[in-house]
Amino acid sequence: NLILQQTKAVVSTQSTGQYDTRETGLLLCLDMYLEASKYEQEWSVRKLGFVYNELASYNLNLITLEEAIQKDVAKKLLKQSFEHYKSALNHFQTCSDVHNIALVFSNLGKVMRISGQLQAQFYYGSGERGELLYEEKEFYKEAINYYNSALDTLRKPSVQKDIWCAVSNELSGVYFTMATVMQDCSASSSDKEEVVREVTNLYNKSLRISEGLVREGFTPATGRTGGTHHKLASLYHAQARESCHNSRDATCHSTRKLKRLFNLSDTNYQKAISYFKETGFEMEYIQVVMEYVGLLQYSSPNPSSSLLPCFTLLTKLPPYLRSV
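Residues numbered from 1 in each chain as written. Predicted model: local features only at pLDDT ≥ 70, side-chain atom pairs only at ≥ 80, totals over all residues. Heavy atoms only, no water.

> So what about the overall build of the protein chain? Which residues, and what values?
When its secondary structure is counted, the protein chain shows 13 helices and 0 strands. Reading the secondary structure of the protein chain in the N-to-C direction produces α-α-α-α-α-α-α-α-α-α-α-α-α. Counting the 324 residues in the protein chain, one finds 45% classified as buried. Counted over contacts in the protein chain with a minimum sequence separation of 6, partners at least 24 positions apart contribute 61%. (Helix = DSSP H or I, 4+ residues; strand = E, 2+ residues; numbered from the N terminus. Buried < 20%, exposed > 50% of the residue type's maximum accessible area, 1.4 Å probe, protein only. Contact = heavy atoms within 4.5 Å.)

> Residue-level account of unusual backbone geometry, with values.
Unlike most non-glycine residues, Ser96 shows phi in positive territory, near 55 degrees. Here Ser96 is to be found in the loop between helix H4 (71-94) and helix H5 (98-124).

> I'd like a description of the layout of surface pockets, backed by residues and values.
One number sums up the size of the largest pocket: a volume of about 640 Å³. Together, 24 residues line the largest pocket, and Lys192, Glu193, Val196, Leu235 and Gln239 are the ones closest to its centre. Those elements that place two or more of their residues in the lining of the largest pocket are helix H7 (161-184), helix H8 (192-215), helix H9 (222-246) and helix H10 (256-276). Ranked by residues supplied to the lining of the largest pocket, first place goes to H9 with 8 residues. A class-by-class count of the residues in the lining of the largest pocket yields 9 nonpolar, 9 polar and 6 charged. Taken as a whole, the second largest pocket holds about 280 Å³ of empty space. Lining the second largest pocket are 15 residues, with Lys75, Leu78, Ser115, Gln119 and Phe139 sitting closest to its centre. (1 Å grid on protein atoms, 1.4 Å probe; cavity = no way out; pocket = protein on both sides within 12 Å on 5 of 7 lines; lining within 4 Å. Points joined across faces, edges and corners; volume = space filled by probe spheres on them. Nonpolar A, V, L, I, M, F, W, Y, C, P; charged D, E, K, R; others polar.)

> I'd like a rundown of the pattern of salt bridges, residues and numbers included.
One pass over the full model with this rule turns up 10 salt bridges. Where Glu242 meets Lys192, a salt bridge forms, and the shortest distance between an N and an O atom there is 3.6 Å. With Glu242 in helix H9 and Lys192 in helix H8, the pair connects residues that are 50 residues apart, well separated along the chain. In this structure Glu242 comes out as partly exposed when scored by relative accessible area, which is 38%. (Salt bridge = Lys/Arg side-chain N within 4 Å of Asp/Glu carboxyl O.)

> If you had to explain the confidence of the model for the protein chain to someone new, which residues and values would you point to?
Confidence in the prediction of the protein chain, expressed as mean pLDDT, is 83, and 82% of residues score 70 or more. Segment residues 1-11: pLDDT under 50, and 19 contacts once partners within four positions in sequence are set aside and those in other chains are kept. Contacts for the low-pLDDT stretch residues 320-324, under 50 throughout, to residues beyond four places or in other chains number 6 contacts. (pLDDT = per-residue confidence, 0-100.)

> Account for H7, naming residues and giving values.
Here H7 spans 34 Å end to end across 24 residues, near enough to the 34 Å set by a 1.5 Å rise per residue. Burial runs high along H7: 17 of the 24 residues are buried. (Expected span 1.5 Å × (residues − 1).)

> I'd like a description of the side chain of Ser172, backed by residues and values.
Within the secondary structure layout, Ser172 lies in helix H7. Among the residues examined, Ser172 registers a relative accessible area of 0% and is labelled buried.

> Lay out helix H6 (residues 134-154) with the relevant residues and their values.
Taking 1.5 Å as the rise per residue, H6 with 21 residues should run 30 Å; its terminal C-alpha atoms sit 31 Å apart, in good agreement. Residues of H6 that are buried include every one of Glu136, Lys137, Tyr140, Ala143, Ile144, Tyr146, Tyr147, Ala150, Leu151, Thr153 and Leu154, and no others. As for H6, its buried residues are in contact with H4, H5, H7 and H8. Within two residues after H6, Arg155 carries a phi angle of roughly 75 degrees, on the positive side.

Here it is, written out as structure tokens:
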């Protein structure tokens with residue numbers, strides 16, 4: 001009982017900021033809970049899970065707060081975060097705490113996602129961003145596995161819906177990040193058709209999640225959903241222009257492939273516009289409308305036939321732009 005009282009006192013003191021750093025307080029809590037676990041194991045298991053999780057999050061936050069972090073420092077903090085999260089996971093699994101098991105799996109996904117981002121940051125430095133690195137991609141795949149483990153732990157959306165939506169949004173974001181890098185920074189030596197197939201597949205995986213979240217009323221997913229439709233529309237638009245440019249057929253606009261690409265681009269531009277109509281996405285909305293106008297003009301066999309739909313779109317722009 002004396003040990004338990006001392007442990008609770010340490011936790012109370014740490015929460016009021018009387019130690020030099022948060023880490024010092026957490027490590028002291030950890031020592032006390034480990035000692036307490038020898039006498040009150042059932043009570044201390046979950047507490048140890050919380051402390052390990054907080055220690056991991058503390059180290060991870062140090063990385064995100066430091067703009068010019070050194071590679072060796074980042075690797076050390078990532079390793080410590082990963083190990084602490086693993087310890088937290090083991091303790092929450094011991095007491096079958098589904099809520100916190102899912103959260104820790106999600107946090108492990110975050111570690112992998114940040115590891116992938118740092119891999120590219122250290123490789124390319126302050127220069128221009130290049131293609132998706134193999135190691136970077138592997139980290140993102142690990143992040144996807146951990147996010148899926150979090151969702152599998154919850155089993156269905158109705159269980160801890162707020163956690164389900166947050167984890168699903170993170171998973172959608174990883175797919176979107178991978179696809180965006182591959183689309184914007186693909187190597188010139190890459191098989192373009194293979195890259196397009198993989199990019200399209202990743203965007204569609206992201207969309208299946210984010211559109212479901214929007215339907216559930218999870219508003220943070222609105223922007224990415226519109227952005228994903230925008231990226232897909234631009235991808236199909238660029239493919240259509242390239243195919244038509246490379247074609248020797250003067251009537252290339254009428255070929256089945258081109259019609260399909262123009263239709264896919266058109267559909268995704270319209271969906272992007274529908275999501276960007278929400279307040280807070282004015283710049284994205286303007287960009288999509290202008291690109292969509294370009295598609296309508298290019299895809300129309302008769303230039304004059306595109307004037308009305310283009311005019312209709314432009315009248316939907318904010319008044320201060322229409323008056324310029």
